[in-house]
Amino acid sequence: MQEAADYLAALNPSQLAAVKHDGSSLLILAGAGSGKTRVITTKIAYLIKEKHIDPYAVLAVTFTKKAANEMKERAVALEPRAEYAQIRTFHSWGAYFLRAHAEAAGISKNFTVYDDDDMVTLLGKAVPSLSRQQAALAAHKISLAKDYCCTPDSERLCTISDDPQFADIYAAYEKRLRETGNVDFGDLIMLPYLVLRDNGALRHAMHLRYRVIMVDEYQDSNVAQYLLLQQLAGVEESSGTYVCVVGDDDQSIYRFRGAEVQNILNFQNQFPGTDVIRLEMNYRSTSEILACADSVVRHNGGRLGKTLVAARGKGKLPTLVFLPTQDDETQFCAEIIAQAYQNGTPYSEWAILYRTNAQSLGFETEFLHRKIPYTIVGSLKFYEREEIKDALAWISFVANPRDEVAFRRIVNKPVRGIGAVSQDKVVAAGAGVSLLAGCRNVKLSKKAQEGIQAFCALAEEFTAMLGESVPAAGTAVAETSAADGATGNAAPEEYAAAAGNPAPAASGAKLAEFVEAVIRKSGLEEFHKSQDDVSGTQKLSNLQELVNSAVLYPCTRQGLLDFLDHIQLDRTLETEDSAAPRDSVTLITLHNTKGLEFPRVIITGMESGIFPRDDKTGGELEEERRLFYVGITRAKNELYLTSCGLRRLYGRTNFMQPSPFLAEIGAGRLRVLGQKPSSFGSERAGDEDPLARRYRKGTGIYHDDYGHGQVIGTETSPDGELVIRVSFESGGIKKFLPKYQEKSLMIED
DNA sequence: AGTGCAACTCTTTTT
DNA sequence: GAGTTGCACT
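This section reports on the structure supplied with the text. (Residues numbered from 1 in each chain as written. Chains lettered and ligands numbered in written order. Predicted model: local features only at pLDDT ≥ 70, side-chain atom pairs only at ≥ 80, totals over all residues. Heavy atoms only, no water.)

### What about the overall build of chain A?
Move 1: For chain A, the count of helices and strands is 32 helices and 23 strands.
Move 2: The 749 residues of chain A split such that 52% are buried.
Move 3: Considering only contacts in chain A between residues 6 or more positions apart, those separated by 24 or more positions represent 75%. (Helix = DSSP H or I, 4+ residues; strand = E, 2+ residues; numbered from the N terminus. Buried < 20%, exposed > 50% of the residue type's maximum accessible area, 1.4 Å probe, protein only. Contact = heavy atoms within 4.5 Å.)

Here it is in structure tokens:
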């Protein structure tokens, strides 16, 4: 009892109301930093503790593995029985459901998940007339269609693509995908929805099972997820399942991935009788920072509306810094971080935020130079590396020999003389059944035939290692103890030797050894070792990293599938390994900051065209604005915004104007440093510029890229520097900034 | 089938 | 400017 009082006493009145709420659906509008996770986890604990809900009947879904892990951890800390609640990502729940109901969904129970690249590969084969780029575009559209639960025959497909052939392309892709037995990410949501929609008994069983369903970050859910939630909750069937969604419409930033803000805006209509509780007390940021955030997001229409109240003090006024160039920007950031470090502020208190990954480069260079440790979040993706995808393809193929994409990836790597033509023949012969059967049934050239033979032998050997298709149970038991001994020594060579025996690997073996054997025997190790030798890459050690990550899984088919699910459904978890310095500055895209907080934040590149991008209008512009809002609300104590007058973009130097978002923050909410560009109402720069004399109107110019030309006019850049306009004989008119580009501007008489 | 060079195109990306 | 794609050549 005492314990119960304690964990509830930590809540403010609205949080407590959200935890105790019952009787109808609930929408919790949780502003940034309002203790959202605390509310969800406390509610889970409360339901189990106080309301005697069976933990097994609780389903809580999030969007990222990280969020799911954190939620589980914190709920279990409050109530140990929460261990048995289903707390997972939407997609991992989908995978779990589909493994149990593979047949109803029309897929293999040994399915693996195709990522975006795999989709493009498969689509390229399903519709060969598509160029690589067309295939990539169509694959993206197919993903989007699935995010909206549109099948190829759906009437709403035209809202996804106006290409009249799109439905056929989509249908061809689906046919080919079903032949592989695999699914793509969209299927992990859409297929469970379709299965439940069409199977009343199963739906009813789900209603009986899940008495409580909670969804986190609901503003980033897509239509398919909404439809799935509707089926699971049995809204129209009075299932009595309690639904609680938590989110913040102001932080919806994944529309381009199919997220539909309307889900949260319309929740009250879609789930009749919904109560709404707002969490508006912000425990993260000082009030000056929140004032900026509010003044920005206020410019958006169609909000549910929320006003954050700072639980903390006023704090420092956020700072806006105008800088001449992007190099000044990186230097400025490095400088204030280094100075703060001198005064005892750890590097880890700082985060540098940018709109695009490409912007990280300058900071990396500068920080390297100044020996400021940094960590880049989310740029290098472990699972997307060639060697990792190769190894995973082999493993996936062993799990599911209908996997065409995996087959094509590995069958001729290293070279076995099996070219595209031979591959097509094998796939045609084995489609929908088994590509290994296809290998055996197909007639190929002598060279290709030999290669296929070697490939099949490998595949069969690896399959045998999973310890199934055992001829006699008795031998398997006998082999178990023997192999256990070998495993204890963990010597890969020993295992390899043991695996050479006709008897299958035993149940005690670790999957890591299987993965290692696959990598070595398939020739991938040798193949990538030579790549390392030539290009100085780290492919071999990356492969070793993959082997290590399999150590916790048993060497069985189930262990293998679990391992693949883990990899496919937790892709953010790159190797958080060795190189990461303990105390370091975080370099991160604005998107990736969602859910994070830092004592000191610098949002860089606050320039029109970069942030927001200049092609953004209407709803998309509002999404950019929300992204800015997310960025601002990451800051606890200090916030800096930087804006450059000149930026290199795609190899060209461009004049930049300050982001329109800056003007939306009212005057007086920012301390402004640096030279204000003219558009912000600054006085003109001084009169006599020595450069102006050299580059007078009429001056002849020779430029390496553009040839001969003549200065036809001069003006002043946003930061008061001389700008010349040059008309070239070749036809274009270009602007130059002599101060920075003098080297490429030769003066002619 | 593998290599080399010219041409293209550049967001964001939980799963 | 850089990384990638696609074609042509061997």
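### Observations concerning unusual backbone geometry
In terms of backbone geometry, most residues other than glycine have negative phi values and most peptide bonds are trans.
Move 1: At the junction of K413 and P414, the peptide bond is cis and its omega measures out at 0° in the coordinates.
Move 2: The residue H52 is not glycine, and still its phi comes out positive at about 55°.
Move 3: Checked against the element boundaries, H52 lands in the loop between α3 (36-49) and β2 (58-62).
Move 4: One non-glycine residue with positive phi stands out, namely E217, at about 50°.
Move 5: For E217, the position within the fold is in the loop between β6 (212-215) and α12 (223-233).
Move 6: Here E217 falls in the buried class, since its relative accessible area comes to 15%.

### Some thoughts on the pattern of salt bridges
Move 1: On inspection of all chains with the given rule, the structure shows 52 salt bridges.
Move 2: Here E461 and K521 are joined by a salt bridge, their closest N and O atoms 2.6 Å apart. Here K521 lies in helix α25 (residues 511-521) and E461 lies in helix α22 (residues 446-465), a separation of 60 residues in the sequence.
Move 3: A salt bridge links E516 to R520; the nearest nitrogen and oxygen atoms lie 3.8 Å apart. Remark: R520 and E516 occur in helix α25; sequence separation between them is four residues, near one turn of the helix.
Move 4: The class for E516 is buried, based on a relative accessible area of 16%.
Move 5: For R520, a relative accessible area of 34% gives the class partly exposed.
Move 6: Among the charged side chains, a salt-bridge network with shared partners connects E386, E387, D390, R409, K413 and K539. (Salt bridge = Lys/Arg side-chain N within 4 Å of Asp/Glu carboxyl O.)

### As for helix α17 (residues 360-370)
Move 1: Of the residues making up α17, those classed as buried are S360, F363, E366 and F367. In an axial view of α17, the angular spread of the buried residues amounts to 135°, which keeps them on one side of the axis. In α17, the exposed positions angled more than 90 degrees off the buried face are occupied by L361, T365, L368 and H369.
Move 2: Of the surrounding secondary structure, the elements contacted by the buried residues of α17 are α16 (326-342), β12 (350-354), β13 (374-376) and β14 (585-589).
Move 3: Two residues or fewer past α17, K371 is found with a positive phi of approximately 60°. (Arc of directions from axis to C-beta.)

### Overview of empty space enclosed by the protein
If a probe the size of a water molecule is rolled over the atoms, the empty space left behind becomes visible.
Move 1: Tallying each qualifying case throughout the model produces seven cavities of 30 Å³ or more.
Move 2: Lining the largest cavity are 17 residues, and of these D118, K389, A393, S396 and Q568 sit closest to its centre.
Move 3: If you list the elements that add at least two residues to the lining of the largest cavity, you get β4 (113-114), α18 (386-399), α19 (404-410) and α28 (557-568).
Move 4: Per-element accounting of the lining of the largest cavity gives the leading share, four residues, to α18.
Move 5: Of the residues contributing to the lining of the largest cavity, the split by class is eight nonpolar, three polar and six charged. (1 Å grid on protein atoms, 1.4 Å probe; cavity = no way out; pocket = protein on both sides within 12 Å on 5 of 7 lines; lining within 4 Å. Points joined across faces, edges and corners; volume = space filled by probe spheres on them. Nonpolar A, V, L, I, M, F, W, Y, C, P; charged D, E, K, R; others polar.)

### Brief notes about the side chain of D115
Move 1: Relative to the assigned elements, D115 resides in the loop between β4 and α7 (116-126).
Move 2: Engagement of the side chain of D115 in a polar contact is seen with the backbone nitrogen of D117, the distance being 3.0 Å.
Move 3: There is a polar contact of 2.9 Å between the side chain of D115 and the backbone nitrogen of D118.
Move 4: If near-sequence neighbours (up to four positions away) are discounted, D115 is found in contact with F185, K389 and R571. (Polar contact = N/O pair within 3.5 Å; in protein donor to acceptor, adjacent residues only side chain to side chain.)

### Regarding the protein's contact with DNA strand C
Move 1: Inspection of the region around DNA strand C gives R132, Y650 and G651 as its neighbouring residues.
Move 2: Among the atoms of DNA strand C close to the protein, meaning within 4 Å, 55% are from sugar or phosphate groups. (Near = heavy atom within 4 Å.)

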